[in-house]
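Listed here are the chains, written in short residue letters.
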There are 2 protein chains.
Amino acid sequence: MSLLITGSIALDSVKTPVEEHHDLLGGSASYASVAASFFTPVNLVGIVGSDFPKQYLDLYQKHHINLDGLQVVEGKTFRWSGEYEWDLNKRRTLSVALNVFETFQPKLPARYSKTPYVFLANIAPTLQLHVLSQMDRPKFVVADTMDLWIEIAREALQKLMKKIDCLVLNEGEARELIKETSLIKAGRALLKMGPKYVVIKKGEHGCLLFGNDIFFSAPAYPLEDIHDPTGAGDCFAGAFTGYLAKTGRIDHDALRKAVIYGSVIASYNVESFSLRRLQTLTQKDIADRYDVFRQMSHFELG
Amino acid sequence: MSLLITGSIALDSVKTPVEEHHDLLGGSASYASVAASFFTPVNLVGIVGSDFPKQYLDLYQKHHINLDGLQVVEGKTFRWSGEYEWDLNKRRTLSVALNVFETFQPKLPARYSKTPYVFLANIAPTLQLHVLSQMDRPKFVVADTMDLWIEIAREALQKLMKKIDCLVLNEGEARELIKETSLIKAGRALLKMGPKYVVIKKGEHGCLLFGNDIFFSAPAYPLEDIHDPTGAGDCFAGAFTGYLAKTGRIDHDALRKAVIYGSVIASYNVESFSLRRLQTLTQKDIADRYDVFRQMSHFELG
């Protein structure tokens, strides 16, 4: 089944202690859409400026991402620049220029409104709500968020949480939203705020899936060298939702596998800058790494 | 097969934001021996003073721990006191009194020297080496350590690492020993220093087992309430080695299960102060929680 994704589309400048790149394809919706495209057709909802490179439109199309919901307007595309320390868990935002994103009013093409699966990638919760209000009873809605919205848009975020099936967020955000150091308590408290499922991403420690009748702990892939962590969380959530859309099932088996497929795609994405690694990724690569995840976490009955 | 355990035996005073207890049975060898006793007979090597309560000797004996290697000498038992913050990952040592431990020269009873499995719980690496030198070709030797020895006894620790089969340490210690933020790189670098296997304990994030031909990632049990984290790592390593001794096999299947059994016992131990929870623990409790670990980390083939 198809998947609608909305979120930011950006031109990123990313600096690590070893490399620096400019005008990379970035933004939560870009990462999530390309990640999801390995599993299911994607309908993209977003905005770019007239400066948006044609090669990136080609990249989306190569991944069979439908662009009817992409607004191209006069002006500059949203730009973000950031710098990582040697410990790549530590990131500093150097600059943000919203540009055309400042006046973004997502408007869904009529044929998008019946898309059964939805991933609301990280943008302001009011925009996420606005997209959701245009959907016709979707089967399963996943949303991501970030610390900024927890700080400045908590009310809209709480409203959103009552309308979605699954919230995906990282451990720092979970702790901040619930004001609780224990991730187990935070995960269970988040469930009480609305969503049926909560996924807490823990970076190098893997991730946790919480539900009323499921708890699943997935490991992280043991990468020695990470080149660019940007977008890993978006890739995780895009592939997670993409796999669920592909199976058409929301059961424990599908949810567990979706968490692993999300981890697989995210682990590949950090091997290179922007979406470069995913450009050459094959279904065999995905299946191979899924097997490695299984080997590294499987143990027999006691 | 039987298991020899050496390490510290202490009387602990432990304070958390909600409770405070004095003269608790503590020390790395105490936790490890009781944890291992659920799987295999234990030969304990250690020292206590003449003030050591008889009830704790009874406790060891109730767990069929052989005390022929326990020296009881005139003077006071080793004492440790510590305090935990609300975030129980944060511990402060308030006082340490070595007492009889200061002059401890482990001397193995003749019948101990052929014990096939050995766990050198946390004490000075020179003492760990001294115990090992009295052993007659043990089948499998596991050692634990702590930040203090990395700082003040690195040379002895490096010598020890060449003589053991498996090193168990926590993530902070692994990073400190290797001077590397990536745990994956640290784990692999530690293998090059001697041991065939390395287990890095990550507390609430579970643990990682490294070997030349194995990598295994185990989750942590999702406890909402931890009452006293003291000794969790010692319980893990004691049960880990105890399970290996019980099976008599060192293969991938046994190693994976040993990591899970270690995690099971450690997760029970933190539910109460000192070794109280393990006093009432049954084989059924262990089997039940092992199954929960399997449910929370199992996923089917892709």
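To be clear, the structure that these remarks concern was listed above.
Residues numbered from 1 in each chain as written. Chains lettered and ligands numbered in written order. Predicted model: local features only at pLDDT ≥ 70, side-chain atom pairs only at ≥ 80, totals over all residues. Heavy atoms only, no water.

All names here are of chain B. Spatially, β3-β2-β6-β7 is the arrangement adopted by the four strands of the open sheet, whose pairing is mixed. Looking at which strands have only one partner, the edges of the open sheet turn out to be β3 (20-26) and β7 (91-97). On average, each strand axis in the sheet is inclined to that of its neighbour by 20°, with strand direction left out of account. In the sheet, strand β6 (residues 79-84) pairs with β7 via six bridges, with the strands oriented antiparallel. (Pairing = 2+ DSSP bridges. Helix = DSSP H or I, 4+ residues; strand = E, 2+ residues; numbered from the N terminus. Axes fitted to C-alpha atoms, helices over the stretch in contact; angles between N-to-C directions.)

Quick look at the interface of chain B and chain A now. By a frequent convention, interface size equals the accessible area lost on bringing the separate parts together. Across the boundary between the two partners, chain B contributes 35 residues, which contact 35 residues of chain A. Interface of chain B and chain A: buried area, both sides summed, is about 3300 Å²; carbon and sulfur atoms make up 53% of it. Three residues, Glu224, Arg294 and Phe299 of chain B, lead the burial of chain B against chain A; their summed loss comes to 21% of the area buried on that side. Our enumeration of links across chain B and chain A arrives at six salt bridges. Ionic pairing is found between Lys185 of chain B and Asp225 of chain A, a salt bridge with its closest N-O pair at 3.2 Å. Remark: the boundary between chain B and chain A carries 20 residue pairs in polar contact (both at pLDDT 80 or more). (Contact = heavy atoms within 4.5 Å. Buried area = accessible area lost by both parts, 1.4 Å probe. Salt bridge = Lys/Arg side-chain N within 4 Å of Asp/Glu carboxyl O. Polar contact = N/O pair within 3.5 Å; in protein donor to acceptor, adjacent residues only side chain to side chain.)

Residues and elements named next belong to chain B. Relative to the assigned elements, Leu11 resides in strand β2 (residues 10-15). Between the C-alpha atom of Leu11 and that of Tyr261, which follows or precedes it by 250 residues, the distance is 26 Å. In contact with Leu11, not counting residues within four places along its chain, are Asp23, Leu24, Asp51, Phe52, Pro53, Tyr56, Thr77, Phe78, Arg79 and Trp80.

Let's shift gears to the pattern of salt bridges. With the rule as written, the count across this model stands at 42 salt bridges over all chains. Salt-bridge contacts for Arg277 of chain A lead to Glu271 of chain A; the nearest nitrogen and oxygen are separated by 3.3 Å.

With that settled, consider the sheet that holds strand β1 (residues 3-6) of chain A. All names here are of chain A. Taken in spatial order, the nine strands line up as β5-β4-β1-β8-β9-β10-β11-β12-β13 in an open sheet, and their pairing is mixed. Each end of this open sheet is capped by a strand with a single partner; those strands are β5 (65-73) and β13 (214-218). Each strand axis lies, on average, 15° off the axis of its neighbour in the sheet, ignoring direction. Two elements, strand β10 (residues 166-170) and strand β11 (residues 197-201), share five bridges in a ladder whose sense is parallel. Across the sheet, the residue bridging to Asn170 is Lys201, located in β11. Against the sheet, helix α2 (residues 54-62) makes contact with β4 (42-49) and β5, and its axis sits at roughly 160° relative to β5, the strand it touches most.

This part takes up unusual backbone geometry. Residue and element names in this part refer to chain A. Positive phi values are uncommon outside glycine, yet Asp23 reaches one of about 50°. Here Asp23 shows up in strand β3 (residues 20-26). You will see that His64, though not glycine, has its phi angle at about 55°, which is positive. Relative to the helices and strands, His64 resides in the loop between α2 and β5.

As a further point, take the nonpolar core. The nonpolar side chains of a soluble globular protein tend to be buried, and buried together. Ranked by internal contacts, the top residues of the largest apolar core, which has 111 residues, are Leu120 and Leu190 of chain A together with Phe236, Phe240, Ile265 and Leu278 of chain B. In terms of residue count, the dominant contributor to this core is helix α9 (residues 252-269) of chain B (ten residues). Counting 107 residues, the second-largest nonpolar core is a separate cluster that includes Ala36, Ala121 and Ile286 of chain A together with Val100 of chain B. (Core = buried A, V, L, I, M, F, W, Y, C linked by side-chain atoms within 4.5 Å. Buried < 20%, exposed > 50% of the residue type's maximum accessible area, 1.4 Å probe, protein only.)

Here we come to α2 of chain A. All names here are of chain A. Among the residues of α2, Tyr56, Leu59 and Tyr60 are the ones counted as buried. For α2, the buried positions fall inside an angular range of 100° around the axis, keeping them on one side. In α2, those exposed residues whose orientation departs by more than 90 degrees from the buried face are Lys54, Gln55 and Lys62. Packed against the buried residues of α2 are β2 (10-15), β3, α1 (28-36), β4, β5 and α10 (276-279). (Arc of directions from axis to C-beta.)

Another aspect to go through is the pairing of strand β8 (residues 117-120) of chain A. All names here are of chain A. Side chains Tyr117 and Phe119 of β8 all project onto a buried face; the interleaved residues Val118 and Leu120 project onto the opposite face, where all are buried too. For β8 and strand β9 (residues 140-144), the ladder comprises four bridges, and the chain directions are parallel. Across the sheet, residue Tyr117 finds its bridge partner in β9, namely Phe140. Crossover β8 to β9 through helix α3 (residues 125-133) is right-handed. (Right-handed = clockwise from strand over helix to strand, strands pointing away.)

Read these as spatial facts, not as claims about activity.
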